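Listed here are the chains, written in short residue letters.
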Amino acid sequence: MIFLLKDLSRGKLPINLKGLLKKERFDCEIGFGDGRAIVLEGKMHPERGMVGIEYSPTSVKKAEKRVQNEGLKNVLLIKSEASTAFDILFQERAFERIILRFPDPWPKKRHINNRLLNKEFFTLAANRLKDGGEVNITTDDTGYRDYIIQEVAQIPYLTPIFSGGYRLKNADGVSTRYEEKWRDMGKDIYEIGLRKVSHPKINNQITISTYFRLPAIKRLSCLSDKIIKDGDVILRTGKLNAAAEDKEIWVYFVDWHLFQKTKLIFRKEGNRFFPVYNQDFLPAKSFELLKNFMETCQ
Ligand SMILES: C[S@@+](CC[C@H](N)C(=O)[O-])C[C@H]1O[C@@H](n2cnc3c(N)ncnc32)[C@H](O)[C@@H]1O
């Protein structure tokens, strides 16, 4: 079963994992890659629901094939960026375990902000963990390993299970394509285990609007090159491409950690411009900001 975020977001949120997978307890693997580990875990634990999140479409397809070949009914694959999925799809205390096998380490200093595992994400993850639940991380990257331990030390919700924060992982248990690759190169593999010790409250959740339609406007230039902010929500519009046959504007939406961009194309009918926009898009609060702003462009 594969779910796309945009389909899920049109249903009732948070999603009803019990109803979908007919199980009572759930584990979540983030960045499952070709899916070999989530499939193995699904087979080893038929009593559990395994929820996988992965944003690479090629990986999701590979993993889906494995799930189908094994005929597994307890594995749900979601094609999405992980923090967005955690924010909008799952309720508090949804999972017993959150698993990350070789999360992208972004080793260069200028890329550190791209790391998924920081104190903000761990706070969100702790909220989605059952009390006493665990986060299990495997990595070969010592820089990311130490960064993770430092980030966790700054929040009170998770505590390391191993003394010193990590331990060497033996070459047994559930392995993955990346684990095999690094072991073949003679690298050490580290395990970080974190236990939830207190429950964080999460305030700035992304709210998804059910209202999709943008209004027609009279003055296109009103929308060109603008930055509009409301707390954690930011809307930025590019410059109007007036040379395009249909007039075009790029719009960038940021809702807390959800980043999206879409190109609005306007078709003129009478004295008004009607917007056409990409439907593969979550209408979050930033979208409401755009809608409200466009209503002033009359
Ligand atoms: C280094 S690969 C490891 C894949 C697999 N776990 C393995 O061990 O073979 C990292 C995986 O995480 C996925 N990924 C990275 N950041 C992600 C995010 N924020 N949300 C969802 N998937 C992500 C990538 O697409 C990639 O498949």
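Residues numbered from 1 in each chain as written. Predicted model: local features only at pLDDT ≥ 70, side-chain atom pairs only at ≥ 80, totals over all residues.

**Student:** Outline the sheet that holds strand E13 (residues 258–269), supporting the account with residue identities and numerical values.
**Tutor:** As summarised here, the arrangement of the five strands in space is E10-E11-E12-E13-E14, forming an open sheet in which the pairing is antiparallel. Looking at the sheet topology across the chains shown, the edges are occupied by strand E10 (227–230) and strand E14 (272–276). Put simply, the sheet's adjacent strands are angled 25 degrees from each other on average, direction ignored. As paired strands, strand E11 (residues 233–237) and strand E12 (residues 247–255) are joined by five bridges and run antiparallel to one another. In the sheet register, arginine 236 faces E12, and the bridge partner there is tyrosine 252. Set on the sheet, helix H9 (residues 285–295) makes contact with E10, E11 and E12; between it and E11 the angle comes to about 55 degrees. (Pairing = 2+ DSSP bridges. Helix = DSSP H or I, 4+ residues; strand = E, 2+ residues; numbered from the N terminus. Axes fitted to C-alpha atoms, helices over the stretch in contact; angles between N-to-C directions. Contact = placed C-beta atoms within 7 Å.)

**Student:** Can you explain the site of the ligand? Please cite residues and give values.
**Tutor:** Near the ligand there are 20 residues, and of these Gly31, Gly33, Ala82, Thr176 and Tyr178 occur at the shortest range. For the shell around the ligand, the elements supplying multiple residues, two or more each, are strand E3 (48–54) and helix H8 (177–184). Residue contributions to the shell around the ligand peak at three residues, all from H8. Taken together, the residues of the shell around the ligand sort by class into nine nonpolar, five polar and six charged. (Near = placed C-beta within 6 Å. Nonpolar A, V, L, I, M, F, W, Y, C, P; charged D, E, K, R; others polar.)

**Student:** Outline the nonpolar core, listing residues and values.
**Tutor:** Counting residues in each nonpolar core, the largest one holds 63 residues, and the members touching the most others are Cys28, Ile98 and Ala125. Both of domain 1 (2–196) and domain 2 (220–295) provide at least three residues apiece to this core. Beyond its immediate chain neighbours, meaning those up to four positions away, alanine 125 contacts Phe86, Ile98 and Val135. (Core = buried A, V, L, I, M, F, W, Y, C linked by C-beta atoms within 7 Å. Buried ≥ 20, exposed ≤ 12 C-beta atoms within 10 Å, placed from the backbone. Domains from an automatic or database assignment.)

**Student:** Please set out the environment of glycine 133 residue by residue, giving values where relevant.
**Tutor:** Relative to the helices and strands, glycine 133 resides in strand E6 (residues 129–139). Looking at glycine 133, the number of C-beta atoms within 10 Å reads 21, which means it is buried. Expressed as a C-alpha distance, the spacing of glycine 133 and leucine 194, which sit 61 residues apart in the sequence, is 8.4 Å. Those residues within four positions of glycine 133 in sequence are excluded, and the remaining contacts are Phe95, Glu96, Arg97 and Lys196.

**Student:** A description of the pairing of strand E5 (residues 95–101) should follow, citing residues and the corresponding values.
**Tutor:** Buried residues dominate E5, accounting for five of its seven residues. Of the strand pairs in this sheet, strand E2 (residues 25–30) and E5 are connected by four bridges, and their pairing is parallel. Each bridged residue has a counterpart across the sheet, and for glutamate 29 the counterpart in E5 is isoleucine 99. Across six bridges, E5 lies against E6 in parallel orientation. The partner of phenylalanine 95 across the bridge, within E6, is leucine 129. Assessed by its sense of winding, the connection that carries the chain from E5 through helix H6 (residues 119–128) to E6 is right-handed. (Right-handed = clockwise from strand over helix to strand, strands pointing away.)

**Student:** Got a sec to walk through the packing of helix H3 (residues 36–44) against helix H4 (residues 57–70)? Specific residues and values, please.
**Tutor:** Between H3 and H4, the shortest axis-to-axis distance is 9 Å and the interhelical angle comes to 25 degrees. By the angle class used here, H3 and H4 are roughly parallel. In this structure, H3 crosses over H4, and the sense of that crossing is right-handed. Along its contact with H3, which presents Arg36, Ile38, Val39 and Lys43, the element H4 presents Ala63, Arg66, Val67 and Glu70. Residue classes in the contact of H3 with H4 are distributed as four nonpolar, no polar and four charged. (Parallel < 35°, antiparallel > 145°, perpendicular 65-115°, else oblique. Left-handed = near helix turned anticlockwise from the far one by under 90°.)

**Student:** How would you explain the pairing of E14 if you had to name every residue and give the values?
**Tutor:** Residues of E14 alternate between two faces, with Phe273 and Pro275 buried on one and Arg272, Phe274 and Val276 left unburied on the opposite face. Where E13 and E14 come together, five bridges link them in antiparallel fashion. Counterpart to phenylalanine 266 in the pairing with E14 is proline 275.

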